[in-house]
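Listed below are the residues making up each chain.
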Amino acid sequence: MYWQKEYETMPREQLEDLQIERLKQTAQRVYDNVPFYRNSFDNLGLIPGDIKSLDDLQKLPFTTKQDLRDNYPFGLFAVPMDEVVRIHASSGTTGKPTVVGYTRDDITNWSDLMARALVITGGTTCDVVQNAYGYGLFTGGMGVHYGAERLGATVVPISGGNTARQIMLMRDFGTTILTCTPSYALFLGEEIINAGLDPRDLKLKAGIFGAEPWSERMRAQLEAKLNIMALDIYGLSEVMGPGVSMECPEKKGMHIFEDHFIAEIIDPETAKPLPYGEPGELVLTSLTKQALPIIRYRTRDITVLHEDKCGCGRTFVRMQRVTGRTDDMLIIRGVNVFPSQIESVLLEFGDTEPHYLLVVDRKGTLDDLEIWVEISDKFFSDKVRALEDLEKRLKARILSILGISARIKLVEPRTIPRSEGKAKRVMDKREL
Ligand code: DLL
């Protein structure tokens, strides 16, 4: 089943014609409206008219998270603010978030892509979609929500957390499609069983899980525990949000919605393009976005692209599961965390040293973050009460900056191993 069959099954040649047309428009749009892009085109001696074929994409400059940061908050927007109807944001590398914007047409396109994702799982107007992705600045909640409404399904905007209530509503409302992070889905699956329920008594049939890495092992567990078909969805705020690509029931990777995005794989070291089939960093260019068109965005996500025909009939290339990142970003309970964000919090607090270690583990099915922080010599001789107070303040500050709660472990001065080269800030013990 398709939502927009004409596009989803478009012959490659026709699809490439559409991509080049849209790429030309995008290059013109950013050149005319975004000083950052005009400058970078000028520096390369490039004008939008130089883009004549898809191969010319490689002439265009890359965009990075740092570029979004340098132009915080709205500097990369290509339309006046009165055309922007929505803002979302994701973690920046330090204090300020990365901000993205959408026009009304952007929201319509995004909703269509999310409706496609739901239809791929077999979704129809008769489905009840329990949307347990977080609502708010994170793109997961609203992204799925608008897609479900666009499809005409019934959406239950429950957001994340409150597991007992999730299970109650799942049963009472006859939820058929669950959308959330895969680790939360696994937790829900276990809690359903702990509550003495049999998943076969629920009406659940499919789950659309993403926003963090997962594995085939987790898929098998999710499908067994929840008695569903579990499919992977990928996206990132900078490029749109969820719905950049979506897996089909063939389960051979996620189809990139190539009528809206061009995907490349590059060698993260040399930035040179790599052929299909080789692992590297995913680079995405938007083709239809108006508020925040993005050229060759370096996602930092490692994957492989496959172009062989898919049994589902879609002609879009597929990306394999994301297997890692080229930077130090962690995803903890679905929240993107950069060690540098934590460092900047520690620097605000005079009583700690900027020596820290993030210990990430999976307790049961949920991620757990413990932050080891060295306290200063001066502070170390102080009273227990003061230590407890420092711990509390740090915890609260990290919660407010990162949006996740962490356990703080204050350690004696000079106990976190120093490294001669790049400091080791993270110990990730999770096995997916
Ligand atoms: O996580 C958007 C999203 C919401 C995707 C709901 C899927 C479902 P950000 O918060 O900007 O956006 O984080 C984007 O999350 O660069 C990847 O590193 C990671 N990521 C997203 N989807 C997957 C996935 C949303 N299916 C960052 N597998 C991306 C592995 C994923 N990693």
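Residues numbered from 1 in each chain as written. Predicted model: local features only at pLDDT ≥ 70, side-chain atom pairs only at ≥ 80, totals over all residues. Heavy atoms only, no water.

With respect to the UniProt feature "domain: AMP-dependent synthetase/ligase" (unreviewed entry) in the chain
Spelled out, the test is: UniProt positions are given in the numbering used here, feature names are shortened, and annotations may be inferred rather than shown by experiment. The secondary structure listing takes helices from DSSP runs of H or I that are at least 4 residues long and strands from runs of E that are at least 2 residues long, numbered from the N terminus.
Under the local residue numbering, the UniProt record ascribes the feature "domain: AMP-dependent synthetase/ligase" (unreviewed entry) to residues 79-284. With 31% helix and 28% strand, residues 79-284 has its two end C-alpha atoms placed 21 Å apart.

Digging into the sheet that holds strand S15 (residues 324-325)
Stated precisely, the cut-off is as follows: Following DSSP output, two strands are said to pair if at least two bridges run between them.
Within the open sheet, the 4 strands sit side by side as S10-S11-S12-S15. Their pairing is antiparallel. Only two strands of the sheet have a single neighbouring strand rather than two, namely strand S10 (261-266) and S15. One ladder, built from 6 bridges, connects S10 with strand S11 (residues 280-286); its direction is antiparallel. In the strand pairing of S11, Ala-263 is matched with Leu-284.

Concerning a nonpolar patch on the surface
Stated precisely, the cut-off is as follows: Each patch is built from residues lacking any salt bridge and having more than 30% relative accessible area; the joining distance is 9 Å for like charges and 5 Å for nonpolar side chains (Val, Leu, Ile, Met, Phe, Trp, Tyr). Note that accessible areas follow from Shrake-Rupley with a 1.4 Å probe, and for residues the cover is restricted to the protein chains shown. Between Lys or Arg on one side and Asp or Glu on the other, a salt bridge is scored when a side-chain nitrogen of the former is within 4 Å of a carboxyl oxygen of the latter.
A surface patch of nonpolar side chains, about 340 Å² in accessible area, is lined by Phe-74, Met-81, Ile-87 and Leu-137. Looking at the secondary structure, you find Met-81 in the loop between helix H4 (65-70) and strand S1 (84-90).

Some words on unusual backbone geometry
Heads up, the condition is: Burial classification: accessible surface area is computed with a 1.4 Å probe over protein chains only, and a residue below 20% of its type maximum counts as buried, one above 50% as exposed, and the rest as partly exposed.
Of note, the amide linkage connecting Tyr-72 to Pro-73 takes the cis form, showing an omega dihedral of -10 degrees. Secondary-structure assignment places Pro-73 in the loop between H4 and S1. Phi is positive for Ser-159, which is not a glycine, with a value near 65 degrees. With respect to the helices, strands and loops of the structure, Ser-159 is situated in the loop between strand S4 (154-156) and helix H7 (163-172). In this structure, Arg-296 takes a positive phi of about 45 degrees despite not being glycine. As for its placement among the helices and strands, Arg-296 is situated in the loop between S11 and strand S12 (297-303). Taking the relative accessible area as the measure of exposure, Arg-296 reaches 2% and is therefore buried.

Observations regarding the site of the ligand
Operational definition: Working definition: residue near molecule or strand if any one of its non-hydrogen atoms lies within 4 Å of it. Within 3.5 Å is the distance limit for a polar contact, defined as a pair of N or O atoms, with the added protein rule that one can donate a hydrogen and the other accept it, and that residues adjacent in sequence qualify only through two side-chain atoms.
Residues in contact with the ligand amount to 23 residues; listed here are only the nearest, Asp-232, Ile-233, Ser-237, Asp-301 and Asn-336. Ile-233 places a polar main-chain atom, nitrogen or oxygen, 2.6 Å from a nitrogen atom of the ligand. Asp-301 places a polar side-chain atom, nitrogen or oxygen, 2.6 Å from an oxygen atom of the ligand. Across the complex, the protein chains shield 97% of the 610 Å² of accessible surface that the ligand would expose by itself. Sorting elements by how many residues they give to the shell around the ligand places strand S7 (residues 229-236) first, with 5 residues.

Topic: the packing of aromatic side chains
We count it as follows: Here a Phe, Tyr or Trp ring, Trp counted by its six-membered ring, pairs with any other such ring whose centre lies within 6.5 Å, and the pair is stacked when the planes are under 30 degrees apart, edge-to-face when over 60, and tilted otherwise. Either the NZ atom of lysine or the CZ atom of arginine qualifies as a charge over a ring when it sits within 6 Å of the ring centre and within 35 degrees of the ring normal.
The final tally for this structure, using the stated rule, is 7 aromatic pairs. Here Tyr-102 and Trp-110 contribute two aromatic rings whose centre-to-centre distance is 4.9 Å and whose plane-to-plane angle is 10 degrees, an arrangement assigned as stacked. We note that Tyr-102, like Trp-110, is buried. A centroid spacing of 6.2 Å and a plane angle of 35 degrees characterise the contact between Tyr-184 and Phe-187, whose relative ring orientation is tilted. On the criterion of helical spacing, the pair formed by Tyr-184 and Phe-187 is a turn pair, its members being 3 residues apart in helix H8 (residues 182-194). Looking at Tyr-184, the relative accessible area reads 11%, which means it is buried. Arg-86 extends its terminal NZ or CZ atom over the ring of Tyr-146, reaching a point 4.5 Å from the ring centre.

Quick notes on the pairing of S12
S12 sits mainly inside the fold: 5 of its 7 residues count as buried. Both S12 and S15 contribute to a ladder of 2 bridges, which runs antiparallel. Among the inter-strand pairings, Ile-302 is bridged to a residue of S15, identified as Gly-324.

Looking at the pattern of salt bridges
The final tally for this structure, using the stated rule, is 33 salt bridges. A salt bridge links Arg-414 to Asp-377; the shortest N-O distance between them is 3.1 Å. Pair noted here: Arg-414 is in the loop between strand S20 (407-411) and strand S21 (426-428) and Asp-377 is in helix H11 (residues 377-380), with a separation of 37 residues, a long-range link. A relative accessible area of 60% means that Arg-414 is categorised as exposed. The salt bridge partner of Asp-428 is Arg-430, with a shortest N-O separation of 2.9 Å. Residue classification places Asp-428 among the partly exposed positions, given a relative accessible area of 38%. Owing to a relative accessible area of 17%, Arg-430 belongs among the buried residues under this scheme. One connected set of salt bridges, linked through shared partners, spans Glu-216, Arg-219, Asp-232, Glu-247 and Arg-321.

Here we look at empty space enclosed by the protein
To keep it simple, the criterion reads: A pocket, in this scheme, is an open set of points on a 1 Å grid over the protein atoms alone with protein on both sides within 12 Å along at least 5 of 7 lines, while a cavity is a set where a 1.4 Å probe fits but cannot get out; residues line either one if an atom lies within 4 Å of a point. Grid points are joined across faces, edges and corners, and a volume is the space filled by probe spheres set on the points. Ten residues, namely Ala, Val, Leu, Ile, Met, Phe, Trp, Tyr, Cys and Pro, are considered nonpolar, four, namely Asp, Glu, Lys and Arg, are considered charged, and the remaining ones, Gly among them, are considered polar.
Per the counting criterion, the structure on display carries 2 cavities of 30 Å³ or more. Roughly 60 Å³ of volume is contained in the largest cavity. Lining the largest cavity are Tyr-102, Asp-106, Asn-109, Trp-110, Leu-113, Met-240, His-260, Phe-261, Thr-288 and Lys-289. When residues of the lining of the largest cavity are assigned to their parent elements, the largest contribution, 4 residues, is made by helix H5 (residues 104-120). Residue composition of the lining of the largest cavity, grouped by class: 5 nonpolar, 3 polar and 2 charged. Quantified by volume, the second largest cavity comes out at close to 50 Å³. Lining the second largest cavity we find 13 residues, and of these Leu-68, Asn-71, Tyr-72, Pro-73 and Val-99 sit closest to its centre.

Quick word on the sheet that holds strand S6 (residues 206-210)
One open sheet accounts for 9 strands, arranged S4-S3-S5-S6-S7-S8-S9-S14-S13; its pairing is mixed. Both outer strands of the open sheet, S4 and strand S13 (305-306), are each paired with one neighbouring strand and no more. Looking at chain direction, strand S3 (residues 128-131) and strand S5 (residues 177-180) are connected through 3 bridges and run parallel. Counterpart to Val-129 in the pairing with S5 is Ile-177.

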